[in-house]
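Residue-level listing of the chains:
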Amino acid sequence: MSAPPAIDERRLREVALTQDEYRLIVERLGRAPNRVELGMLGVLWSEHCSYKTSRPFLGQLPSGGAHVLQGPGENAGVVDVGGGWACAFKIESHNHPSAIEPYQGAATGVGGILRDVIAMGARPVAILDSLRFGPLPESRRHLEGVVAGIGGYGNCVGVPTVGGELWFEECYARNPLVNAMCVGLVRVDHLKRAGAQGTGNRLLLVGADTGRDGIHGASFASLELDGSSEERRPAVQVGNPFLEKCLLEACMDLVESDAVLAIQDLGAAGLTSAVAECAARAGKGARIDVSLVPRRERGMTAYEVMLSESQERMLVVVARGREAEVQSHFENWDLTSEVIGEVTDDGHLEVVDAGVGEARLPVELLTEAPVRRLPARPAAAPARLELARLPDLDDPGAVLLKLLGSPNLGSRRPVIRRYDHMVGDATLIPPGGDAAVIRIKGTRRALAVTTDGSGRYCRLDPQRGAQLAVAEAARNLVAAGARPLALTDCLNLANPERPEVYWQLEQVVAGIAVACRALEIPVVSGNVSLYNESEGVGVWPTPVIGMVGLLEDYEKRLPAPFQADGDFVLLAGGTGDDLGGSEYLKVVHGLVAGAPPELDLKRELAVHEFVRAANAGGLLRSAHDLAEGGLLVALAECSLWSGLGFRGPALRPEGGRRLDSLLFGESPSRFLLSCGSRAVPELQTLSRRHHVELQLLGLAGGDQFELEGQLRLSLPEMRGPYEGALT
Amino acid sequence: MVDQVLEQELRYLWHKDRSLKGSDCVILPGGFSYGDYLRTGAIARFSPIMEQVYDFAERGGLVWGICNGFQVLCEAGLLPGALLRNSTLEFRCQWTHLVVERADLAFTGLCQRSELLRIPISHGEGSYFADPATLSRLEQNGQVVFRYSDPDGRVTAEANPNGSLHNVAGIVNRRGNVLGMMPHPERCAEAELGGTDGLKLFRSVVESAMRVLTA
């Protein structure tokens, strides 16, 4: 046996493959791949497309359930939401492009995730964006560009942006995280799956012409950013939201047509990935002629056409003989469409250029990159939290004002108002609270949607941090009156070739799996973004959980703000000594230390069941999840959002615990509830039945925020720092 | 909204259509026609259907432009002035208060003069502009229909969300049959969506059409 043919290191670097991977390709192919083939394998074997590094762990995630119609592996996950409706949703990262070119990076991130949902035959009804940047003011350019890009794209396409997160931490200064989630609705019987079925059926490329933009984008996303990253700006694509709007509406009209067998988004790795994945899902092959692909530029080679990541393109599998009918439909929307190939049954992806063979590869080889196992080593233990050394809390009011003015906790209004969150006339609970609620038109049903993640908790303990993210997302939905159905996850980590990062990846996945099993919430889609690292500085492990819940009757939705003067305010769930990883420690004491809050998933579930039962019984007026900033910040939010003050007795810790931990600790599994006076006894009975602690805190109303003898602030006093936190 | 909430017959008109299909009122809704890449409404006004809209307006038919529709009507010359980029240079999606200055129109017949409406805006280019002569003509003729105000009905600079001259939120043509407004009444026609003030305008149109039919 002869040694594998030598290959220039530079050529391998260009396609981001290793020598080992190249040797495997030669071995499995029985020959050396040509340049086009090598490029195609390079993008599909990139971490971004193949999940080769994370795949060994992802199998642990529970993905089944009676209501799951589509788990991971498709363009988006799908759950049955009753009444003949299904909900398709997915989250995806656009971190690297957004670091280089914030506006277009974020805009095309939204465009891409919309197409993933459209490909399932679903109409997008909500966008959420989970954003993380370095501290202000240095990160202002990233923040402004990303927010403008999301708004610029989402507003134009006419899909409301209803939620997300915004967080600032030093570790994201060079590597901001931009994760976009889209939620769509489709009639169960119109659900599409992107398999290239039926030999001889046609492959129709629809939408934008293909240009040289974004070549190697997927490979680029699988490398660290370094000084030369600016030179990769051409690998960032430019969005055209109006074209996407036309594509969206045209596809929606076709969903009911039996001439259309499948729809596939062209995202990372462009045509190569779209055709290979479609063929793989149906166990088929495909033959395409790149000379038939409408071009934006002259002189493009087969290599460039196959690897282009030009935006706003879809691949549609059309029943043979019905091409004209489908094409004339697209023409009505002024969309270009071209038959570029057909489904074959030889299991190969064959690329020709006007009849001349350019590539011929087994589909399996393309879509099944070898799993890559890396060494793992636990990350260094975080700094211990020496509570005894912290000074006592002497002015809770001053600390509260400081926390309300923290960019991590202050008002999101300056961002939210730049997104059209009302278009579509379905937004029943707007962004800014725990979860947004979107009604399903023509029914009594509604969806609650949220995203959650905590890099700080995960830095301190990746497994528990990931569990806390799942629990908080679920709590957000329950606070809005919904039952959690399923989640999509976006795992953002640094360079996995560092053993600590690989260990973090393993821990994060394990944490999500544990929480999902305990709370019975399956993972139906997801995305992994590695190499969020620049010159040795990586992001903290940041799993972002996007979760969807159902309200059978939207009249049962629960707002977060207080609702009426004189309503009783109660705390459901117990408070532990959980200062570790808190925003209080960071803002007031400059510490990121300790262990993240203790989480008992059984107790978490019990509290959810209690709140849902109380809501079903019509006992609640509002519910708000306790999160970063703890009890006092949550109380203040309910006041600020409603314009109703609060008055209650001073809060005193029991059993030698600390006051700061009671007021600002971030113990999970807690809700702030408000109700009319007559509901209190019934709530108390119900809480005992569910074994959930319930404490009466005080009354909503007036224009002061007061804990008697402990703190007294006027609402305008609080509003100043809160509304100005992002400026 | 028009069909489900108002329970009126709704006909979608495609931009390439050349007939209004017997409509009693033509609504140019919000959206981003042609992506607003050039200038808001600048391309949409050349749509084939617009010729019918001109004729219809000329004959006294009710034409109602909301948000991007208002921008199209200005570009088309059916309404005076223009809508510039918001003075904040940012998109704004938020609730606003409007003072009704004309309650005698087909669009506002169910409102009272000086009544306060709470209706959301959602736009990046909603800053109403007209040259001084046009503006004073609009004011003299009473063509300003809605003005942004604070929750107490005071027309102040702070209550102006986009830098519109004279806090203009909506105007009507001289004849009173072509209305343009930046706020979105269709977004607040059901209590679930946070308010029903917008429904008043839609009901006014229906009522006025009924009067025409029974007259």
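Caption draft 1: Just the overall build of chain B, in detail. Within chain B one finds four helices and nine strands. Counted from the first residue to the last, chain B has its helices and strands arranged as β-α-β-α-β-β-β-β-α-β-β-β-α. Overall, the C-alpha framework of chain B stretches about 45 × 35 × 35 Å when taken along its three principal axes. Taken over 215 residues, chain B has a buried fraction of 43%. Residue pairs at least 24 apart in sequence account for 72% of intrachain contacts in chain B once pairs closer than 6 positions are excluded.

Caption draft 2: Highlighting the interface of chain A and chain B. Listed per partner, the contact involves 17 residues of chain A and 17 residues of chain B. Those elements that place two or more of their residues in the side of chain A that touches chain B are α8 (140–157) and α10 (241–254) of chain A. Among the elements that take part in the side of chain A that touches chain B, α8(A) stands out by supplying three residues, more than any other. Considering only residue class, the side of chain A that touches chain B consists of eight nonpolar, four polar and five charged.

Caption draft 3: Quick look at the nonpolar core. In this structure, Cys87(A), Val275(A), Val437(A), Ile438(A), Leu447(A), Val449(A) and Val470(A) are the most contacted members of the largest nonpolar core, which totals 245 residues. Sequence-distant contacts of Val275(A), defined by excluding residues within four places in its chain, comprise Leu203(A), Ala286(A), Ile288(A), Leu315(A) and Leu349(A).

Caption draft 4: Up close: the sheet that holds strand β12 (residues 348–353) of chain A. Residues and elements named next belong to chain A. Spatially, β8-β10-β7-β11-β9-β12-β13 is the arrangement adopted by the seven strands of the open sheet, whose pairing is mixed. The open sheet terminates on both sides in strands that have one partner only, identified here as β8 (260–265) and β13 (356–362). When the angles between neighbouring strand axes are averaged without regard to direction, this sheet yields 25°. Summarising the sheet, strand β7 (residues 202–207) and strand β11 (residues 337–344) pair through five bridges and their orientation is antiparallel. Residue arginine 202 lies in a different strand from β11, and its bridge partner there is glutamate 342. Helix α3 (residues 35–44) rests against β12 and β13 of the sheet, and its axis sits at about 40° to β13. Strand contacts of helix α13 (residues 323–332): β7, β8, β10 (313–318) and β11, with the helix running at about 5° to β7, the strand carrying the most contacts.

Caption draft 5: Structural detail: the environment of Arg621(A). Residue and element names in this part refer to chain A. Position of arginine 621 among the secondary structure elements: in the loop between α21 (601–616) and β23 (622–625). In this structure arginine 621 comes out as buried when scored by C-beta crowding, with 20 C-beta atoms within 10 Å. In this structure, the C-alpha to C-alpha distance between arginine 621 and arginine 295, residues 326 residues apart in sequence, is 57 Å. When near neighbours in sequence (up to four residues on either side) are disregarded, arginine 621 contacts Gln563, Ala564, Asp567, Ser674, Cys675 and Gly676.

Caption draft 6: Representation of the pairing of strand β5 (residues 161–168) of chain A within the structure. Residues and elements named next belong to chain A. With seven of eight residues buried, β5 lies mostly within the body of the structure. Examined bridge by bridge, strand β4 (residues 123–133) and β5 share seven bridges and lie parallel to one another. Across the sheet, residue leucine 128 finds its bridge partner in β5, namely glycine 163. In this fold, β4 hands off to α8, which returns the chain to β5; that crossover is right-handed.

Thresholds, definitions, all that
- Residues numbered from 1 in each chain as written.
- Chains lettered and ligands numbered in written order.
- Predicted model: local features only at pLDDT ≥ 70, side-chain atom pairs only at ≥ 80, totals over all residues.
- Helix = DSSP H or I, 4+ residues; strand = E, 2+ residues; numbered from the N terminus.
- Buried ≥ 20, exposed ≤ 12 C-beta atoms within 10 Å, placed from the backbone.
- Contact = placed C-beta atoms within 7 Å.
- Nonpolar A, V, L, I, M, F, W, Y, C, P; charged D, E, K, R; others polar.
- Core = buried A, V, L, I, M, F, W, Y, C linked by C-beta atoms within 7 Å.
- Pairing = 2+ DSSP bridges.
- Axes fitted to C-alpha atoms, helices over the stretch in contact; angles between N-to-C directions.
- Right-handed = clockwise from strand over helix to strand, strands pointing away.

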